[in-house]
Amino acid sequence: MKHIFTTLLALAITIVGKTQPISENLATTEARYFPFEKTVYYSLGDKTIPLKVVQYGPGNDIVCINLHDNEFTSVQAARSVLELKGGTMIRIENNAQRVVRFRLRGVIYGFDPNRIFSRTGIEQTLKENGRTSPQAIDEVEKFARRLLQLIPETVSCVIALHNNTEEAFSVKSYLPGGDRQKDAKEVYADENQDVDDIVFTTDLTLFEKMSALGFNSILQDNENVKKDGSMSVYYGEQNRRYIKIETQHGRTGQYQEMLEKLMDFLLSRKQPATETPDGIN
């Protein structure tokens, strides 16, 4: 009888959108949202690309997106945070590779999936990865549109999940003299933070909040930033709230702390929705 009661209790918790371990003292166990996952399969040339959409609990107008399948630390940290805070995560599955490669009419092409949100960006990233053609540009543009369709127009904030390597990309890149200096409207560099751990946003309020918390922060210059087809440029042009979190590979604890603080701020300013966001289809 005790076993049956425990099983029914676990089932009931899952049905209402949360799940938690069964213990002698449930009050001391932190509840976690149960993830609901679906996969959208997209055909690009001869390649089938799985797009994973995972929702944790009821929708709360926040979507995390992972475009580079080799950036594991960000995904691991995001799972831990979303289990507690709720939200949606979208991932491109690409055999743990950054560059997506496909064959079209017998020719192999490759592109960085964070450079495909304008035709100019698509052409540039195809060239950088071997070759381009009008047909390939058209096909990648269709893929980008499908990816964006998974992000509802009603979303209050898009959070991009990224990782980097030792000083290959850091807050120094945006300081005076850095190769990305012109992309930044404002920069906050904290001497107590690793230079590789950064947030990069299109939104002044988020820049001010994250910098006040002591995180290296960059505010994108939405008008003058290099038009390279990246998601930050796309959302900056639309005046929509976007923020990217980056840490070095392996710094899961740091990533989790940054994402938790961001989520706490976003959720404090908006009541969670009670239904799955429209557009996740």
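Everything quoted here is computed from the prediction, not taken from an experiment.

A. Main features of the pairing of strand β4 (residues 47-56). For β4, the buried fraction is high: nine of the 10 residues fall into the buried class. As judged from the 10 bridges shared by strand β3 (residues 35-44) and β4, these two strands associate in the antiparallel manner. From the neighbouring strand, P35 faces β4, where its bridge partner is Y56. The antiparallel hairpin formed by β3 and β4 contains two residues in its connecting segment, where G45 sits at a positive phi of about 60 degrees. As paired strands, β4 and strand β6 (residues 87-92) are joined by six bridges and run antiparallel to one another. Its bridge partner being in β6, K52 is matched across the sheet by R91.

B. Local environment of unusual backbone geometry. Positive phi is not limited to glycine here, since A96 has a value of about 60 degrees. For A96, the location among the structural elements is in the loop between β6 and β7 (100-104). For R105, which is not glycine, the phi dihedral falls at a positive 55 degrees. Note on placement: R105 falls in the loop between β7 and β8 (107-111). Residue R105 is classed as exposed on the basis of its relative accessible area, which comes to 71%.

C. Region of interest: the packing of helix α3 (residues 119-128) against helix α4 (residues 134-149). It is the contact of α3 with α4, at a shortest axis distance of 10 Å, that shows an interaxial angle of 120 degrees. Regarding the angle of α3 to α4, the classification is oblique. Crossing handedness for the pair α3 and α4: right-handed. In contact with R119, I122, E123 and L126 of α3, α4 contributes A136, I137, D138, V140 and E141. Across the contact of α3 with α4, the residue classes break down as five nonpolar, no polar and four charged.

D. Quick peek at the sheet that holds strand β13 (residues 242-248). One open sheet accounts for nine strands, arranged β3-β4-β6-β5-β9-β13-β11-β12-β10; its pairing is mixed. What marks the edges here is a single partner per strand, and that holds for β3 and β10 (184-188). Here the average twist between neighbouring strands, direction ignored, is 20 degrees. As paired strands, strand β5 (residues 62-66) and β6 are joined by four bridges and run parallel to one another. When the bridges of β6 are listed, V63 appears paired with T88. Along the sheet, helix α2 (residues 72-85) contacts β4, β5, β6, β9 (157-164) and β13; its crossing angle with β6, the most-contacted strand, is approximately 160 degrees. Helix-sheet contacts for helix α7 (residues 252-268) involve β5, β9, β11 (198-201) and β13, and the interaxial angle to β13 is about 160 degrees.

Cut-off values and rules
Residues numbered from 1 in each chain as written. Predicted model: local features only at pLDDT ≥ 70, side-chain atom pairs only at ≥ 80, totals over all residues. Heavy atoms only, no water. Buried < 20%, exposed > 50% of the residue type's maximum accessible area, 1.4 Å probe, protein only. Helix = DSSP H or I, 4+ residues; strand = E, 2+ residues; numbered from the N terminus. Pairing = 2+ DSSP bridges. Axes fitted to C-alpha atoms, helices over the stretch in contact; angles between N-to-C directions. Parallel < 35°, antiparallel > 145°, perpendicular 65-115°, else oblique. Left-handed = near helix turned anticlockwise from the far one by under 90°. Contact = heavy atoms within 4.5 Å. Nonpolar A, V, L, I, M, F, W, Y, C, P; charged D, E, K, R; others polar.

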